[in-house]
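# Structure at a glance
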Amino acid sequence: MPRSLTQSTLIHIRFSECDPLNIVWHGNYVKYFEDGREDFGRANDFSYLQIYTENGLSIPLVHLEIDYKRPVSFGETIRVETTLVDDPAAKIVFEYKIFNSKDEVLCTGKTIQAFVHLERKELQITMPDFFEAWKNKYLK
């Protein structure tokens, strides 16, 4: 079984995130995934800014999956569970589950991010040393 680490994030649905039917517009789920990734990074010493400033790498999304299960509306609070799943390749794999206050699954998803050298604009095809060290410290 792959090693993993999960972080939960609460998000309050704002009026501006909803369409005229008072349902969260589908594109906002990508933002909720990003909120989850940023919260994951703050909680686990793994932020975009650290990767950029300390290692000279950016980590753009190269793959995105979203499966919508149930709608959510203005005023509700959702919980985003963001799970980093270990992968032997030089990439970061996150899986997501979004729940409502009744613990019903609203959405599931997955993102894959690649490591890109900022100066050379080249893909890092081997596992960065800092990421391997981080995984050995944090993933169980």
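See above for the structure.
First things first, this report covers the structure right here in the doc.

Scoring rules and cut-offs
- Residues numbered from 1 in each chain as written.
- Predicted model: local features only at pLDDT ≥ 70, side-chain atom pairs only at ≥ 80, totals over all residues.
- Heavy atoms only, no water.
- Salt bridge = Lys/Arg side-chain N within 4 Å of Asp/Glu carboxyl O.
- Helix = DSSP H or I, 4+ residues; strand = E, 2+ residues; numbered from the N terminus.
- Pairing = 2+ DSSP bridges.
- Phe/Tyr/Trp six-rings, centres within 6.5 Å; stacked < 30°, edge-to-face > 60°.
- Buried < 20%, exposed > 50% of the residue type's maximum accessible area, 1.4 Å probe, protein only.

### Observations concerning the pattern of salt bridges
This structure, assessed with the given rule, holds nine salt bridges. A salt bridge links Arg79 to Asp103, with the shortest nitrogen-to-oxygen separation between them at 2.8 Å. Here Arg79 is found in strand β4 (residues 77-85), whereas its partner Asp103 is found in the loop between β5 (91-99) and β6 (105-114), with 24 residues between them in sequence. For Arg120, the salt bridge identified is with Glu122, shortest N-O distance 3.1 Å.

### What about the pairing of β5?
Taken together, the seven bridges between β4 and β5 define a ladder with antiparallel strand orientation. Note on β5: the bridge partner recorded for Thr82 is Tyr96. Where β4 folds back onto β5 in an antiparallel hairpin, the turn is made up of five residues. Adjacent in sequence and paired antiparallel, β5 and β6 are bridged by five residues, among which Asp103 carries a positive phi angle near 65 degrees.

### Concerning the packing of aromatic side chains
Scanning the model with the defined rule gives 14 aromatic pairs in all. Ring plane angle 85 degrees and centroid distance 5.8 Å describe the contact between Phe15 and Phe74, whose orientation is recorded as edge-to-face. Within this pair, whereas Phe15 is found in the loop between β1 (4-12) and α1 (28-43), its partner Phe74 is found in the loop between β3 (61-68) and β4, the two being separated by 59 residues in sequence. On the accessibility criterion, Phe15 (63% relative accessible area) is exposed. Relative to Phe131, the ring of Phe130 has its centre 6.4 Å away and its plane inclined at 50 degrees; by these criteria the two rings are tilted. Take Phe131: its relative accessible area is 1%, and that puts it in the buried class. Among the aromatic residues, those joined into a cluster by ring pairs are Phe33, Phe40, Phe46, Phe94, Tyr96, Phe115, Phe130, Phe131, Trp134 and Tyr138.

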